[in-house]
Amino acid sequence: MKLLAIDPSGSFDTEKGITGYSIYDLNEQTLLTVGQIRAKDFEQKGDYYEKHLKLVEKIKPNLIVIEEFTLYPSKASSFYNKELETSQLIGEIEGYARINKIEVIKQRASNIKGALYKPNVLLKAINNQIEHNNLGKRNQWKFKGKVISNHIVDSIRHAAYYFNKINREKKEELKWIT
């Protein structure tokens, strides 16, 4: 059974969009791999969005945990007269998942940032497969010795938040959280 955690960014027009993702084997309780999809690597928005759908098709997850797009008052003015590309991308992923009978769980960014900012919680949730270095005001994260982006780390936080949430709800002990 596989879980795909996604920190989406649909910002294609500005070429700033970077979607981070992480893939888990729920039976083995391990983080399999991480990656990212960059808008600047594509000439057309449709190709960028399609790359996300092809990832889902390739992974064949049983569950997708994805960041929910929420327009916060403090950020609303920066979106004035702009296309909400991230919400469109999320909609495409949700639609694809629905057609393919894949469950989708959406979570707010504000939940995962505050709840999982302590590295030890994040590390426990992924069975110590991530290396953390505190570089003063910055954190550096590595998976299999390779530095990973904040977008990938946020996808891992989404997965960890989900794992912690189901652990609390079911009051069951999950191997990689204890």
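Now for a look at the structure at hand. From a predicted model like this one, the values you see are computed outputs, not experimental measurements.

### Here we look at the pattern of salt bridges
Here's step 1: Scanning the model with the defined rule gives 5 salt bridges in all.
Here's step 2: Arg108 is the partner of Glu68 in a salt bridge, and the nearest nitrogen-oxygen pair spans 3.4 Å. Note that Glu68 is positioned in strand 4 (residues 63-68) and Arg108 in strand 5 (residues 103-108), a separation of 40 residues in sequence.
Here's step 3: Classification of Arg108 as partly exposed rests on a relative accessible area of 36%.

### Re the environment of Ala159
Here's step 1: Considering the arrangement of structural elements, one finds Ala159 in helix 6 (residues 150-170).
Here's step 2: Taking relative accessible area as the criterion, Ala159 reaches 0% and is therefore assigned buried.
Here's step 3: Through-space distance from the C-alpha of Ala159 to that of Ile66 is 8.7 Å; in sequence the pair is 93 residues apart.

### Regarding the side chain of Asp25
Here's step 1: One can find Asp25 in strand 2 (residues 18-25).
Here's step 2: At 6.9 Å, Lys2 is the nearest oppositely charged side chain to Asp25, a buried residue that forms no salt bridge.
Here's step 3: Within polar-contact distance, the side chain of Asp25 engages the backbone nitrogen of Asn27 at 2.9 Å.

### Let's talk about the nonpolar core
Here's step 1: Grouped together as the largest cluster of nonpolar side chains are 20 residues, with contacts concentrated most on Leu4, Ile64 and Ile93.
Here's step 2: Mapped by element, the contributors of at least two residues to this core are strand 1 (2-7), strand 2, helix 1 (45-59), strand 4 and helix 3 (85-99).
Here's step 3: It is helix 1 that provides the largest number of residues to this core, a total of 6 residues.

### Quick word on the sheet that holds strand 3 (residues 30-38)
Here's step 1: Pairing is mixed in the open sheet, where 5 strands are placed in the order 3-2-1-4-5. Each edge of the open sheet carries a strand with a single partner, namely strand 3 and strand 5. Within the sheet, the average angular offset between the axes of one strand and its neighbour, ignoring direction, is 20 degrees.
Here's step 2: Both strand 1 and strand 4 contribute to a ladder of 4 bridges, which runs parallel. Looking across to strand 4, one finds that Leu3 is bridged to Leu63.
Here's step 3: Helix 3 rests against strand 1, strand 2, strand 4 and strand 5 of the sheet, and its axis sits at about 160 degrees to strand 4.

What counts and how
- Each chain has its residues counted from 1, running along the sequence as written.
- Predicted model: local features are reported for residues with pLDDT of at least 70 only, side-chain atom pairs are reported and counted for 80 or more only, and whole-chain, interface and lining totals are derived from all residues.
- For side-chain calculations, the full set of non-hydrogen atoms in the structure is used, while hydrogens and water are omitted.
- Only one rule defines a salt bridge in this text: a Lys or Arg side-chain nitrogen within 4 Å of an Asp or Glu carboxyl oxygen.
- Helix numbering and strand numbering both begin at the N terminus, where a helix is a DSSP run of H or I of at least 4 residues and a strand a DSSP run of E of at least 2.
- Only protein chains enter the calculation, and the probe is 1.4 Å; a residue is then buried if its accessible area is under 20% of its type maximum, exposed if over 50%, and partly exposed in between.
- Charge convention: Lys and Arg are scored as positive, Asp and Glu as negative, and His as well as the terminal groups of each chain are ignored.
- Residues adjacent in sequence count toward polar contacts only when both atoms are side-chain atoms; beyond that, a polar contact is any pair of N or O atoms within 3.5 Å, and within protein one must be able to donate a hydrogen and the other to accept it.
- In these notes, a set of buried Ala, Val, Leu, Ile, Met, Phe, Trp, Tyr and Cys residues joined through side-chain atoms within 4.5 Å is what counts as a nonpolar core.
- Note on pairing: DSSP must find at least two bridges between two strands before they are called paired.
- Throughout, an axis means a line fitted to C-alpha atoms (over the contacting stretch in the case of helices), and angles, computed between N-to-C directions, take values from 0 to 180 degrees.
- By the convention used here, residues are in contact when the closest approach between their heavy atoms is within 4.5 Å.

These figures come from the coordinates and say nothing about function on their own.
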